[in-house]
Amino acid sequence: MMWTFTLLYILGLTLCQASGQVPSTQMYYVRLTIENSAIPNITGKLGETFVKETNLQVNNLMMTTVCQSDAGSSECNCSPNFRWSEKDCDLQEKCTFPKDQTRMCVHNDAVAINGFLRLEGTAYHGCLKPKDSAEYKECHEDLFVEMKKVYSTLPGFDTLSITRYRVGSVIVEFALTVAQKIGQQDLLDKSDKLTSNVNASLDLESSGVIKLTMPASPVCFCTKPLLSCKLQEPLDTLPVWQLSRDRRVTEIFNGTEAEVSSEPKETKLKLLKISELWEGVYSCSYHQKKNDLTISHQASALMDLALLPDILISTEPAFPKCDSPEEVLSVKVICEIEKNTENYTVTWAHENLFNAVPSEETKKTFTAEAIVTCKESGVPNVTCTFANRCNDTRPATVDINIIYKGDKFCPAEGDWGDTKAGFTGRLKCKGATGHRTKKCTDGDPPTWEPEVSACVNRDLNDVLKNAENSDIGLGSLDENAADVFSQLDQVTNNSQKINSYANLNASVQVLLSLSNKINSINNDTTANDFFDSSSNLLEESLKVSWTKTSGQENISLAERYLSSVEKLIVATNVTQLKKKKNIEVMATNCTKQNTKCYHKVFNVSVILKSSDPGNVKTAGFKELEKYLPQKDKTLESNSIVVSTTMEKKTSSVEVEIRFPLLKKRPPHVLMKCVAWDNFTHDWSEDGCKWSGASDEGLCTCKHLSSFAILMQRYPLKIAGLQQVTQVGLSVSVVSLVICLIIEVLVWSSVVKTNTLYLRHMAHINISLCLLVADSCFLASMDPESVSELWCRIFVVLKHFCFLSMFFWMLCLSGMLLHQAVFLFHNVSKSTYLRLSMFLGYVCPLLIVVITFLVYDGGIEGEYFSKESCWLLYEGLMKGSIHTFVIPVGIIVFVNVLSMMVVIMKLLDHPKNAERTNDSEKKAAVTVMRSVILLTPIFGITWVFGFAVMLMDLTSGPIAITVNYLFTLLNAFQGLFILLTTCVMDKSTREALGKRLKTNASAPTSNSTTKLESTWKK
C-alpha cells in the first residue's frame, strides 16, 4: 500500500537574507509517496537528501499530513499537533480530496496574519500605478523587500505576499504565515520596526495565536455551554468576545445570560441560557497597541444550537358543535412555531377522543386531524411534542371544548365562531403580533362581551424584545439602550401607529424594562431619544388609549409610565433644560451655599429648600394628570404633574410649587395639594399643604415626590344651610302673603295722607316683588331637577324681582329722607307715584333686558349657571352677577345713609337741654327701634351678601358664619317685613284689630305729617 506524506522543513540560514545580523528562516514543503513499511526508516535520511548547501541547516523536520490514496481520491488526516486550516477542511478529522489536489495540515501553533499598512508621504505612490508599469514594479519590489527584511526573521516564517494596493494615502493589504508558535512580543517589536522603516501605521489580524475550544455540537437546549480561549503567552490586554449572526457582529459582555471571565492566559464564556439569539459564529480576540501599530489576535468557530420552540396550539373550529350524541366530528389541531433551522421531530398524543392523526407539516406549522365523538365523557385534549436533535422535548396541549347538544353558546358574530358559554374565543391579530379575545358570558341567554385586543405593532414589538434582551450580554447595556431609545422614538413618533392600549402598554413596558436595567445615560443623543419617545406617549391624540377597556390592573399604565420615566430621569445626565412638547426637565447642582434651588418647567415654578441637596432635577408632564388614577371621584386634576428629585438624601426638605391652574377655580371650591403615593397607588395629602384661596396655585410639601393640585368637582356645602333656606323662604312666602292681605284689609283705614299712601304703596310692591322672587327661588332650589329653559326663566324672574324690590326700597328710603330733611315740604302724590313706578319697574326691566342681550341671549354658562339657577360669578367684576350686585350695592349704600339721617333726626335735641339718664335711655331705645324697623324694609341685611360674595368658604369658620348670618337674615326677610310693617306698626295693628272685631271700617286717628308721629308704634 502506498502512502503519501507531506513533510515540513524549517531551514535556518547561517547568513541572514534580511539584515545580515539576525538569521532568517524559510519553510519548504515536500510531498513524498512511499510504501507503508518504509515509514520508520525514511525520516532520518530526509535532512541529508534535501540540504546540500553549507549555509543552510534543517532546524526541525515534522510530518504534517498522512494520506491514503484510493482510485481517484485521497483520504487524509493530520498528524499529532497538526490541524486542518479552516479554508481547507473546516473542523473535520478526516478529509477526502481529489488525488492530485491533496491539502496540507498546519501546525496547531501556526499563525496566519492579515495586515493593512497605511503608508504616509509620497515615497510609495508608484504602487498605485498599473501593475505592468515600471513604477509599480519598482515600488512593489522595494516595499516587499522592506517587509521581508522584518518578517523573515520571525522563527517559522513561511510566506509573505502583498495582495492589494488601494487608495487612502497608500493602503497595502498583505498576508503573512508563520508555521510554528510565534512570540507575541517579537511580532509586536518587529511590526513596530516596520512602521518606523516605511513611515506607516499598521493593523494586523492574526489567527492561530489563540486556541478556541468549543462545546460539542450540537449544543443541547438545557445545557450551559462553556467556551474558552487559550493564549500561547500572556498579552497584558483584556479579551473581547463577539458573536456574528445574521451579518451582524455583536460584542459579548457579562449579563443575565452570559458570564465572561478572564485569566492571564485564558478567557472563558459561559452561556446561562440558550436561545436562538446565541446561535452563530463566536470569536474571541485580544488587541495589542504600540505607537502606530495595532495587532488583533482572533479565533472563531460556529456554535450549533439544538433549540426548542415556543408553541402556539389551537383548534379549528375553536368550539366544535354537536347536533346529536351519535355524531362524530373532525377537528383540526394546529401547532405553530417560529421559523428556525432546527429539524424537529413532532409526536402527537390525545386523551378522551377517538383518534389524532398527523395531516400536514411545514417548517412553521404542524397539524393533526382529531376525531371526537359527541358523547360527554371528559374533556378531549391533544398534545403535540417537539423534540430536537438532543432529544430535548417541549409539549403543548389544547382542550377541545365541544358544544354538546343543549349547551348554551354565543352564536357566530363576524370573525368569531360559535363559542361555548363561559369560555373566551381567541384569534390571532392581523398585521400585528398578539391576539384578540372575546368572552361569551355564562348568562341566560349567554351574550358576547366587548372584544379585547392585545395586538401590538410589529416594529414596536421588536423594540420591546430588544429592551428585554438589552442586558443579557449581547452588546453593552449602554449601546443597546441607546438603540432601543432611538427605535422607540421612531415608532412612537407616529401616534396613529400606536393608538391603542396594547401599543401604549408595550411602549411603557419598554421604558419600565430599561429603567430597571440601566444606571446612567450620559450620551446626549440617547437622552434626547428618551425624552422624545416619552413625550410622544403623552400626545393628546392618544388619550383614549391610556385606559384599559376591561379588567382591573394593580398598577395603572400611567403610574408605570411615571415611575419608569422618573427613574430614567434620575439616571440621565441633564446639563441643560430639556424642552419637549409634553415633557420638560431642568437640572441644577445645588451646594451648601445655595440652599434654595429654583426650577421652572411649563411655567410651574419649583423652589427646593434643603442643605446641600446636590444635583436636583425637576420634570413637568403634560396630559399625565388625566391618566393617573383618582380613587376619590369628587376630585379632579387641575394642574400638570411635576416631579422633583435630588441626588443626596437629607432629613429636612421643603418644596414650594406654584402651579398655573388648568382651569379657573370656581368660588367655594376646595383645592388639595397632593403627592403620588406608590404604596396606595393614589394621590395623598400627607406632607403637603394648600395656601388657600388667597394664593390658590401655591403648594408647600415636606418631601419629594410627584406633585399636582386636585380640585373638588362641586363647591363646598354648609351643613344645614339649604334646610334653613327652605324653611326661611317658606316662612317668608307665607308671611308676605299675610302681609299683602293685611295691607288690603287695612288700606282704607290707615292710608289717610299722601305720605302714608306712598309708604304703604312701597310696602305692597316690596312684598309683592319679594314674594315672586322667593317663590322662584324655592322652585329652583334643586337645579338638577329643573330643565335649562325653566332655569333660565327663574333666573330672569329672580333677577328682575330682586332688583325691583331694591328699587322700591330706594323709593321708600328716598321718601323718608325727604320727609326728614324737608319737614314742611310736600311733593304731590302723582309725582311720587310716577317716579316710584319708573324706578321700581322700568329701571330693573332695562337692566335685565340689557344684561340678557349682552350675554348672548341669556345662554347657560354666560348669563346664568345651571348648577345654581342664578347669575354667573366669574371673579371680581366678571360675570353677569355684577349687573345685580352693583345696583343693589348702590341702593343699600343710599339706604344706609338715609337710615343714619333718620336716626340723627330722631336724636336731635335742643343744644342747651340737659341730658339725664332717662333721656339717654329713651334715645337709645328710639335708635334701636328705628334700626330694627328700617333694616328689613331697606334691605340692609343684604350687606352680608357682599361679604358672602367676597369671602370664600375655603377660608374657614368666619366665611361659614357670614353665610349663616346672610341666610338667616334674608331667608326670613319676608317674616321681618311682616313684623316691622304690620305687627309693630300701631296704626296698622289697631286698624286690623277693629276690622277683625267689627268687620267694618273703623276711624283711625288723625295722622300727622310729622316724621315722629308717622313712625310711632
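In this text the structure is predicted, and so the values were computed from the model without any measurement. (Residues numbered from 1 in each chain as written. Predicted model: local features only at pLDDT ≥ 70, side-chain atom pairs only at ≥ 80, totals over all residues. Heavy atoms only, no water.)

### Here's the deal with a nonpolar patch on the surface
Okay, so step 1: Taken together, the side chains of Phe838, Val842, Leu846, Ile850 and Val854 present a nonpolar region at the surface, about 450 Å² in accessible area.
Okay, so step 2: With respect to the element layout, isoleucine 850 can be found in helix 14 (residues 829–854). (Patch = residues over 30% accessible without salt bridge, like charges linked within 9 Å, V, L, I, M, F, W, Y side chains within 5 Å. Areas by Shrake-Rupley, 256 points an atom, 1.4 Å probe, with all protein chains shown as cover. Salt bridge = Lys/Arg side-chain N within 4 Å of Asp/Glu carboxyl O. Helix = DSSP H or I, 4+ residues; strand = E, 2+ residues; numbered from the N terminus.)

### A word on empty space enclosed by the protein
Okay, so step 1: A complete count under the given rule lists six cavities of 30 Å³ or more for this structure.
Okay, so step 2: The space that makes up the largest cavity amounts to roughly 70 Å³.
Okay, so step 3: In terms of lining, the largest cavity is formed by Leu758, Met761, Ala762, Trp808, Cys811, Leu812, Met815, Tyr832, Leu833 and Ser836.
Okay, so step 4: Counting residues per element, the ones that place at least two in the lining of the largest cavity are helix 12 (754–779), helix 13 (788–821) and helix 14.
Okay, so step 5: By residue number, the principal contributor to the lining of the largest cavity is helix 13, which donates four residues.
Okay, so step 6: The residue inventory of the lining of the largest cavity, partitioned by class, reads nine nonpolar, one polar and no charged. (1 Å grid on protein atoms, 1.4 Å probe; cavity = no way out; pocket = protein on both sides within 12 Å on 5 of 7 lines; lining within 4 Å. Points joined across faces, edges and corners; volume = space filled by probe spheres on them. Nonpolar A, V, L, I, M, F, W, Y, C, P; charged D, E, K, R; others polar.)

### Re a negative patch on the surface
Okay, so step 1: Together, Glu135, Glu138, Glu141 and Asp142 make up a negatively charged patch on the protein surface.
Okay, so step 2: By the element assignment, aspartate 142 lies in helix 4 (residues 134–151). (Lys, Arg positive; Asp, Glu negative; His and termini not counted. Charge placed at Lys NZ, Arg CZ, Asp CG, Glu CD.)

### A word on the nonpolar core
Okay, so step 1: Core analysis: the biggest nonpolar cluster contains 58 residues, and Phe802, Met805, Phe806 and Phe884 have the highest contact counts within it.
Okay, so step 2: The leading source of residues in this core is helix 13, at 15 residues.
Okay, so step 3: Grouped together as the second largest cluster of nonpolar side chains are 51 residues, Ala481, Tyr501, Leu511 and Leu568 included. (Core = buried A, V, L, I, M, F, W, Y, C linked by side-chain atoms within 4.5 Å. Buried < 20%, exposed > 50% of the residue type's maximum accessible area, 1.4 Å probe, protein only.)

### What about the sheet that holds strand 17 (residues 258–263)?
Two modes of strand pairing occur in sheets, parallel and antiparallel, and in both the strands are linked by backbone hydrogen bonds.
Okay, so step 1: Here we have four strands laid out as an open sheet, ordered 12-14-18-17, and antiparallel in their pairing. Strand pairing shows two members of the sheet lacking a second neighbour, strand 12 (210–213) and strand 17, which therefore form its edges. In this sheet, adjacent strand axes meet at a mean angle of 15° when their direction is disregarded.
Okay, so step 2: Judged from the six bridges that link them, strand 17 and strand 18 (residues 266–271) form a sheet pairing that is antiparallel. The residue bridging glutamate 259 from the neighbouring strand is lysine 270, located in strand 18. (Pairing = 2+ DSSP bridges. Axes fitted to C-alpha atoms, helices over the stretch in contact; angles between N-to-C directions.)

### What to know about the state of the cysteines
Okay, so step 1: Applying the stated criterion across every chain yields a total of 13 disulfides.
Okay, so step 2: Of the cysteine sulfurs around cysteine 801, a residue in no disulfide, the closest is that of cysteine 769, at 5.6 Å.
Okay, so step 3: Overall, cysteine 801 belongs to the buried group, its relative accessible area being 6%. (Disulfide = S-S within 2.5 Å.)

### So, the sheet that holds strand 33 (residues 452–453)
Okay, so step 1: Across the sheet, three strands lie side by side as 31-32-33; this open sheet has antiparallel pairing. Of all strands in the sheet, those with a lone pairing partner are strand 31 (424–428) and strand 33, marking the two edges.

### Thoughts on the packing of helix 8 (residues 501–515) against helix 10 (residues 557–571)
Okay, so step 1: Closest axis-to-axis distance for the helix 8/helix 10 pair is 8 Å, and the angle between their directions is 30°. Looking at the two axes, helix 8 sits roughly parallel to helix 10. Every pair of crossing elements has a handedness; the one defined by helix 8 and helix 10 is left-handed. Contacts between helix 8 and helix 10 involve Tyr501, Leu504, Asn505, Val508, Gln509, Leu511, Leu512, Leu514 and Ser515 from the first element and Leu557, Arg560, Tyr561, Ser564, Val565, Lys567 and Leu568 from the second.
Okay, so step 2: Here the residues of the contact of helix 8 with helix 10 are counted per class, giving ten nonpolar, four polar and two charged. (Parallel < 35°, antiparallel > 145°, perpendicular 65-115°, else oblique. Left-handed = near helix turned anticlockwise from the far one by under 90°. Contact = heavy atoms within 4.5 Å.)

### A closer look at the confidence of the model for the protein chain
Okay, so step 1: When the pLDDT values of the protein chain are averaged, the result is 83; 85% of them are 70 or greater.
Okay, so step 2: Per-residue pLDDT stays below 50 along residues 1000–1017; that stretch engages in 29 contacts with residues further than four places along the chain or on separate chains. (pLDDT = per-residue confidence, 0-100.)

### A short note on the pairing of strand 37 (residues 604–609)
Okay, so step 1: For strand 36 (residues 596–601) and strand 37, the ladder comprises six bridges, and the chain directions are antiparallel. Within strand 37, the position partnered with cysteine 597 by the bridge is leucine 608.
Okay, so step 2: Taking the residues between adjacent antiparallel strands as the criterion, strand 36 and strand 37 are bridged by two residues, where phenylalanine 602 takes a positive phi near 50°.
Okay, so step 3: Alignment of strand 37 against strand 41 (residues 654–658), held across five bridges, turns out to be antiparallel. Bridging across to strand 41, valine 606 finds its partner in isoleucine 657.

### A word on the pattern of salt bridges
Okay, so step 1: For the structure shown, the criterion picks out 32 salt bridges.
Okay, so step 2: We note a salt bridge from arginine 164 to glutamate 173, for which the minimum N-O separation is 3.5 Å.
Okay, so step 3: Across the pair glutamate 623 and lysine 626 runs a salt bridge whose closest N-O atoms are separated by 2.7 Å.
Okay, so step 4: The exposure class of glutamate 623 is buried, given its relative accessible area of 14%.
Okay, so step 5: Its relative accessible area of 47% is what places lysine 626 among the partly exposed residues.
Okay, so step 6: One connected set of salt bridges, linked through shared partners, spans Asp415, Lys430, Arg436 and Glu451.

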